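Per-entry structural report
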Amino acid sequence: MRTALFRPVIALITLTVLAATAGCGSGAAPASPVRFGDIPKTGAALHTGPKGRHSLVQWPTHPITFTEQSRVGGAGRNTPIGMTTLHGPKSGFTGKVWVWAPPEYYDKRNAGKGFPVMEALPGSYGYPVNYWIGSDLKLQENLAQWSRNGTSLPFIVVMPVLNPDNKQYYDGSDIPGQPKIGTWLSQDVPDLVRQNFRTLRTRDAWAIMGSSSGGFAALKNVLQNPGTFKVAIPNGPDIVPDSPLWNGHAREERENNPEVLARRLIARGGPPVYLAFQDGSQEHTVLPKVNRFIAQYGHGPVRTRLQIVPGGTHSAATYVRGLGEGTMRWVSAHMQGPTA
C-alpha cells in the first residue's frame, strides 16, 4: 500500500519547497530567519505551578534560528513554519525538520506556559520534504481553527523527513546497518522541539501522527516508546514491518512489530497509550487489517478508536477531514493542554 501513494502531492510540494529554498532565481527575497524560543533567565526554568508541585513547563535550552519556509493563514494568523537541517546527535542521521507553533503560543498571556506537541509524519517515502507543510492540506490552519472552536488543543507541530532517501522504506526503525530512523523520530526530533519551544515535562503532552508508511511509524513508536508518546494517530497505516531491509534481521524486525509491542505492553499493564486510527471508507485493503489489530490488541492499556471517513480514500486529504470529524476532540481529551 506504499509505493504509489501521494506522489502528485509530494511532487507539487517538492517543487514548491525547493523553489522557495533556492529563491526562484535572481532578485528573489531571501528567506526570513525564525527564532521560536530563548533560554529563560536564571531561575525561570523552575517556575512554581499550583501549590505543592513544580511547574510542568520545560523551557527551551539551546534555541537555534530556523529558516522561514512559509506562513499559515486563516485561523493560523500568519504564523511561520520554520525549517532546519538537524544533525541528530543520537541517531547520527542528518535530515530536514519543519516546525510550527500555534497562534496561542505567541500570546503574552501564555508566555509562561508549555504546549503539547504533535510529530506529523507523511506517507510514501517522505523525502526530501514532509508534505504536511503543504498549504493545500491546511493541517496547521485547521488545527488553529479547531483550537479556536474548542475541539482541539493548540499543538506545536514538528514535521521531519521520514526516510533518508526515496528509494527504500526504513519502517521508522533502527534497521541494522542502516540510518537509525527510529532513534531520529523518537529521540532526536523531540529533543529538537524541547530545545527550541516551551514544552511540557510529561508524556501526556506528546502525540505522533502519520499516514500509510508514516502511520506505521507512528503506531510503532508509541507502542515502543510509551514513556515519550502517549497518543498515536495512525492514518491508513501498515500494521507490520515490511521493509526489504529487514532481510537477515528477523529478531530486530520482531522488536519493531506493533503486534509484538502491543502484546508486551498489555502483558506488563501499561503505561496506557491511545491509538486514534483513521481510515477512509474506501480503503478496502487497509481497513480489515486495522479492524483485526483493534479487535486483538485494543484492550487493557491499549486504548483505541477508529475514525472512518465516509467516501474517504488512502490520502492525506481524507485524514485531515477525519481529524476534524472527531479524532482531534478524542485525542485532546486524553492529553495535557497548555499550562504553567
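Here the structure is a predicted model, which is why all the values come from computation and not from measurement.

The rules behind these values
- Residues numbered from 1 in each chain as written.
- Predicted model: local features only at pLDDT ≥ 70, side-chain atom pairs only at ≥ 80, totals over all residues.
- Heavy atoms only, no water.
- Salt bridge = Lys/Arg side-chain N within 4 Å of Asp/Glu carboxyl O.
- Helix = DSSP H or I, 4+ residues; strand = E, 2+ residues; numbered from the N terminus.
- Buried < 20%, exposed > 50% of the residue type's maximum accessible area, 1.4 Å probe, protein only.
- Axes fitted to C-alpha atoms, helices over the stretch in contact; angles between N-to-C directions.
- Parallel < 35°, antiparallel > 145°, perpendicular 65-115°, else oblique.
- Left-handed = near helix turned anticlockwise from the far one by under 90°.
- Contact = heavy atoms within 4.5 Å.
- Nonpolar A, V, L, I, M, F, W, Y, C, P; charged D, E, K, R; others polar.
- Arc of directions from axis to C-beta.
- Pairing = 2+ DSSP bridges.
- Right-handed = clockwise from strand over helix to strand, strands pointing away.

Description of the pattern of salt bridges
- Taken as a whole and assessed by the stated rule, the structure comprises eleven salt bridges.
- One salt bridge connects Arg77 with Asp107, and the closest N-O pair in it is separated by 3.2 Å. Highlighted residues: Arg77 in the loop between strand S3 (66–72) and strand S4 (79–87) and Asp107 in the loop between helix H2 (103–106) and strand S6 (117–121), separated in sequence by 30 residues.
- The closest approach of N and O atoms between Lys90 and Asp191, which form a salt bridge, is 2.9 Å. A residue pair is termed long-range when its members are at least 10 positions apart, and Lys90 in the loop between S4 and strand S5 (94–100) and Asp191 in helix H4 (residues 181–196) qualify at 101 residues.
- Of the residues examined, Lys90 reaches a relative accessible area of 47% and is grouped as partly exposed.
- The class for Asp191 is buried, based on a relative accessible area of 18%.
- A single salt-bridge network, built from bridges that share partners, covers Arg77, Asp107 and Arg109.

Here we look at the packing of H4 against helix H5 (residues 213–224)
- Two elements in contact, H4 and H5, have axes whose closest approach is 11 Å; the angle formed by their N-to-C orientations is 65°. Between H4 and H5, the interaxial angle falls into the category roughly perpendicular. Remark: the crossing between H4 and H5 carries right-handed chirality. On H5, the residues touching Gly182, Leu185 and Ser186 of H4 are Ala217, Lys220 and Asn221.
- In terms of residue class, the contact of H4 with H5 is built from two nonpolar, three polar and one charged.

Side note on helix H3 (residues 139–148)
- Inspection of H3 places Leu139, Gln140, Leu143, Ala144, Trp146 and Ser147 among the buried residues, and these make up the whole buried set. Angularly, the buried residues of H3 cover 165° about the axis, an arc narrow enough to put them on a single face.
- Count one or two residues on from H3 and you reach Gly150, which has phi positive near 85°.

What to know about the sheet that holds strand S7 (residues 156–160)
- With mixed pairing, the ten strands of this open sheet are ordered in space as S1-S3-S4-S5-S7-S6-S9-S10-S11-S12. Either end of the sheet is taken by a strand with one partner, and the two such strands are strand S1 (33–34) and strand S12 (302–309).
- Alignment of S4 against S5, held across seven bridges, turns out to be antiparallel. Of the residues in S5, the one forming a bridge with His87 is Thr94.
- Helix-sheet contacts for H4 involve S3, S4, S5, S6, S7 and strand S9 (206–211), and the interaxial angle to S7 is about 135°.

Here's the deal with the pairing of S9
- Taking burial as the measure, the six residues of S9 include six buried ones, the bulk of the element.
- Judged by which residues are buried, S9 turns out to be covered on both faces: Trp206, Ile208 and Gly210 on one side and Ala207, Met209 and Ser211 on the other are all buried.
- Judged from the five bridges that link them, S6 and S9 form a sheet pairing that is parallel. Its bridge partner lying in S9, Ala120 is registered against Met209.
- Viewed along the sheet, the connection from S9 through H5 into strand S10 (residues 231–235) turns out right-handed.

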